[in-house]
Amino acid sequence: MPVTDSAWRLFFALDPSPALRERMAAHAARWNWDERARPTAARRLHVTLVFLPRVDPALVGELSHAAARAAASCRGCTLVLDRAEVWPAGGIAHLSPSRIPASLQALHDALLAGALAAGTQADDRTWRPHLTLARRAREEQAPPEFEPLAWQVRGFSLQRSRLGSGRYEVLGRWRLGTAAR
């Protein structure tokens, strides 16, 4: 089915628990933001697994089936966000892991394969899991030292990004090693 002008921007994501989200927000508060930096609202903090920039809404069901298959075949893991950096392009201030757990890489790969098999377009850049803390930041704004954040990954979601609204709409959630819920 062709992608129309009413295509949706979707992404599979790891969503932090409320307690972890609080720890992430506390970490972000330790950065030395200047007036140019645009910190990410705590409610929007997540790690993108697969970004799907233009999806025909009719394919959401197929993506949900692909997500259920991926969830059933992948196990949970601990993701340790132990690197604080700023990417020069866009000034993306973020936390990232120095090591990607094999089970998390397998989840990304399964979701990407399922999305492509469903006929969607996907971001074709090398996947670099990260938690965006702000945009338009500068490298010297990162804290010199911090306690790494350990994230017990047990599930993921499919979300729609509503451009211009600052909102994400959760379309489905899956627990790793189980069927959809």
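The text that follows walks through the structure, step by step, so that each part is easy to find. As the structure is a computational prediction, the values presented were derived from the model and not from experiment.

1. Thoughts on the packing of aromatic side chains
Counted under the stated rule, the structure contains four aromatic pairs. Ring geometry for phenylalanine 11 versus tyrosine 168: centroids 5.0 Å apart, planes at 75°, classification edge-to-face. Of this pair, phenylalanine 11 sits in strand β1 (residues 8-14) while tyrosine 168 sits in strand β10 (residues 167-175), placing them 157 residues apart in sequence. Seen from their ring centres, tryptophan 31 and tryptophan 33 are 5.1 Å apart, and the 15° between their planes marks the pair as stacked.

2. Brief notes about helix α3 (residues 102-117)
Compared with an ideal rise of 1.5 Å per residue, which puts 16 residues at 22 Å, α3 spans 22 Å between its outermost C-alpha atoms and is within 8% of the ideal. For α3, every residue scored as buried is listed here: Ser103, Leu104, Leu107, His108, Leu111, Gly114 and Ala115. Down the axis, α3 shows its buried residues gathered within 145° of arc, on one side only. For α3, exposure combined with an orientation more than 90 degrees from the buried face picks out Ala102 and Ala117.

3. Looking at the side chain of serine 96
Topologically, serine 96 is positioned in strand β6 (residues 92-96). Contacts of serine 96, omitting those with residues within four sequence positions, involve Val80, Leu81, Asp82, Arg83, Glu85, Pro129 and His130.

4. Quick notes on the pattern of salt bridges
A full pass over the atoms with the stated rule returns six salt bridges. Here arginine 125 ties to aspartate 123 by a salt bridge, and the two come within 2.7 Å at their closest N and O atoms. Classification of arginine 125 by relative accessible area gives exposed; the value is 64%. A relative accessible area of 24% means that aspartate 123 is categorised as partly exposed. Glutamate 169 is the salt-bridge partner of arginine 162, the closest N and O atoms lying 2.7 Å from each other.

What counts and what doesn't
Residues numbered from 1 in each chain as written. Predicted model: local features only at pLDDT ≥ 70, side-chain atom pairs only at ≥ 80, totals over all residues. Heavy atoms only, no water. Phe/Tyr/Trp six-rings, centres within 6.5 Å; stacked < 30°, edge-to-face > 60°. Helix = DSSP H or I, 4+ residues; strand = E, 2+ residues; numbered from the N terminus. Expected span 1.5 Å × (residues − 1). Buried < 20%, exposed > 50% of the residue type's maximum accessible area, 1.4 Å probe, protein only. Arc of directions from axis to C-beta. Contact = heavy atoms within 4.5 Å. Salt bridge = Lys/Arg side-chain N within 4 Å of Asp/Glu carboxyl O.

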